Structure formats: C-alpha cells, structure tokens
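Breakdown of the fold
As a plain string of letters, each chain reads:
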Amino acid sequence: MVERTSWGRRLFVVLNYVFLTALSLTCLLPILHVLAISFSSSAMASAGEVVLWPVDFTLKSYEYVLGKEAFVQSIVVTLERVSLGVTLNMLLTIVIAYPLSKEVQGFRYRTWYAWFFVFTILFSGGIIPWYFTINETGLIDTIWALILPGAVPVFNVILLLNFFRGLPKELEEAAFIDGAGHLQILFRLFVPLSKPALATILLFTVVGHWNSWFDGLVLMNRPEHYPLQSYLQTVVIMQDLSSMTLEDAKMLSEISDRTTKAAQIFLAAFPVLLVYPFLQKYFVKGIVLGSVKG
C-alpha cells in the first residue's frame, strides 16, 4: 500500500511538472517570437521565416524606434506616471489599510468605512461621468489625470489590511507602552514587517500604471502627452502614416512594419520583465498571507 501511494505521488509530481512546463512555454514562446522578429531583417520577417531565433540579424528596427522622438517622449511620460502614481498609491494604501485593520473596539466606524471602499469596487458611475468629473477638475491633458482618479487602489487596501491583521497584537501593545504613536507604529513597526505584502502590492501597482493605455487615449488631447502604452496603441492598431517624414520612409525601406512593431512591443515589456524577478520571491507569500483573514 505504501509503494502504491509513493508511485502515485511520483506520477502526480511528474504530471505537475509537465503541465506547468507546458503552461510556462505558452507564456514564454510568444515573447521569444516577438523578440526574434524585432532582431530579424524585414525580408525574413515578412516571409514568415522567423520563429524563435532571429534570421539575418539586424538592429535597424531598434535604431528606428529609439530614434523617434514620440517614442522617447512617451517613455518619459510613462516614467513620470509610474514614479508619481506608484508613490501616491503606496502611501495612500498604507495609511488607509492601517486604521481599517483595527478591531471595532479600537476604531468605532471601521466597518462603515470598509464598506464605503468596497462599494467603489462593486459599482461605478460609468465612463462618461468619470470623464466629466476629471474634465471639471481641470486635470484633462495633465499627468495628474492619469494618477489622481485611481489614487486609492481598493483591492490593494484590502490585501494590505488583511496582512496587518495577521501581525501579532503584542508588538503593537508593547510599542504603545513604550510611548509610540500610531504613525510611529505604522512606519517603524508595521511597514518593515509587511515587506512581502508591500512587494506584491508594489508589483501590482507598477504593472498597472505601466500597462495602462485607455485613460491616456481618453484624457490626453495631444499625442506628445501620451504614455507609452497609449502611444503603442496608436502605432500598432491605429497607425498614422500622414505624419511620416522622408527620413522615416527611407528607414522603412530597410525595415518592415512588422519588425518595428515587434521592437516597440518588446521595449515596452522589457522594464516589467526586468523588475519582476526581484519581487517574485515575495509575490506568493504576500498574496497568501494577505488573503486568508477576513
């Protein structure tokens, strides 16, 4: 009986490895395909000869993309959005999650405020009231239009407050006895102990700001104010050839539309791919610890 159980366990582990490997490949192979196309010549890419390895290696697509002022400007806008948006999101998430993590005896109206935030997840006014509100506040065509409407990510607040509830109460009580105030307890005790949850939330927030494209198209009136993903959406889906210069046309004779799009897509994804491995070790722990308590 023990041998059968052991054999079945081994089979289960092997099947898990096979399934997860296949699932990983379905995520990895498209990225490798796009990367290979971006480094291939226009003739090979247009002929469909490129699969997972560059054919007739060239860097002309990257030279063309990085030489475009609009692309570089969109990266600058996105970096500004990420730096300001992530800082504001993380700060508000921490200061809101801390009081909501208290028991009713410590914060009388905690439940009322918690449901107030949850209500915003379940219901919204729609796109038109959302746009009118931002327009009336004078934020249209400014970087703050991309930051302030989503300043409080409620899902992240719920994740972090549940993590805070799991921290030992004795630590907080000892800090109060030593004369610490709420802000000292929050930033000198709770925040250092919450690195896994904060790293998870930081990853969610960075990816959310970096990949957002719809609000840039709707809220920005000038293309030079587009963040990177909004700019790529106009290039990949709504390509405008009227603004092409003679120099661009000459360069496009040596490259293809497919290779330039692949280069831009990979450049847009590369920063997130670069950051993720450093936060991945906290990811699973932060999700589990921040979601098991109600």
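Described below are features of the structure shown in this document. Note that the coordinates shown come from a computational prediction; the quantities given were computed from them, not determined experimentally. (Residues numbered from 1 in each chain as written. Predicted model: local features only at pLDDT ≥ 70, side-chain atom pairs only at ≥ 80, totals over all residues. Heavy atoms only, no water.)

1. A few points about the overall build of the protein
A tally of helices and strands in the protein yields 14 helices and zero strands. For the protein, the succession of helices and strands along the chain, N to C, is α-α-α-α-α-α-α-α-α-α-α-α-α-α. Taking all 294 residues of the protein together, the buried fraction comes to 36%. Surface exposure of the protein reaches about 18000 Å², of which carbon and sulfur atoms provide 68%. (Helix = DSSP H or I, 4+ residues; strand = E, 2+ residues; numbered from the N terminus. Buried < 20%, exposed > 50% of the residue type's maximum accessible area, 1.4 Å probe, protein only. Areas by Shrake-Rupley, 256 points an atom, 1.4 Å probe, with all protein chains shown as cover.)

2. Section: the packing of helix α4 (residues 69-100) against helix α10 (residues 195-211)
Interhelical geometry of α4 versus α10 gives an angle of 145 degrees and a closest axis separation of 9 Å. Considering only the axes of α4 and α10, their crossing is right-handed. Within the contact between the two elements, α4 uses Thr-78, Leu-79, Arg-81, Val-82, Gly-85, Val-86, Asn-89, Met-90, Thr-93 and Ile-94 and α10 uses Leu-198, Ile-201, Leu-202, Thr-205, Val-206, His-209 and Trp-210. Residue classes in the contact of α4 with α10 are distributed as ten nonpolar, six polar and one charged. (Axes fitted to C-alpha atoms, helices over the stretch in contact; angles between N-to-C directions. Left-handed = near helix turned anticlockwise from the far one by under 90°. Contact = heavy atoms within 4.5 Å. Nonpolar A, V, L, I, M, F, W, Y, C, P; charged D, E, K, R; others polar.)

3. What about the pattern of salt bridges?
All chains considered together, the criterion is met by four salt bridges. A salt bridge links Arg-222 to Asp-141; the shortest N-O distance between them is 3.2 Å. Taken together, the residues span a long stretch of sequence, with Arg-222 in the loop between α11 (214-219) and α12 (228-236) and Asp-141 in the loop between α6 (127-136) and α7 (154-165) at a distance of 81 residues. Classification of Arg-222 as partly exposed rests on a relative accessible area of 41%. Judged by relative accessible area, which is 14%, Asp-141 ranks as buried. Connected through salt bridges with shared partners, the residues Asp-141, Arg-222 and Glu-224 form a single ionic network. (Salt bridge = Lys/Arg side-chain N within 4 Å of Asp/Glu carboxyl O.)

4. Concerning the packing of helix α8 (residues 169-177) against helix α9 (residues 182-193)
Running from N to C, α8 and α9 point in directions that differ by 145 degrees, and their axes come no closer than 10 Å. Remark: the crossing between α8 and α9 carries right-handed chirality. Counted together, Leu-171, Glu-172, Ala-175 and Phe-176 of α8 and His-182, Ile-185, Leu-189, Phe-190 and Leu-193 of α9 form the full contact between these two elements. Tallied by class, residues from the contact of α8 with α9 come to seven nonpolar, one polar and one charged.

Distances and angles like these do not, on their own, reveal function.
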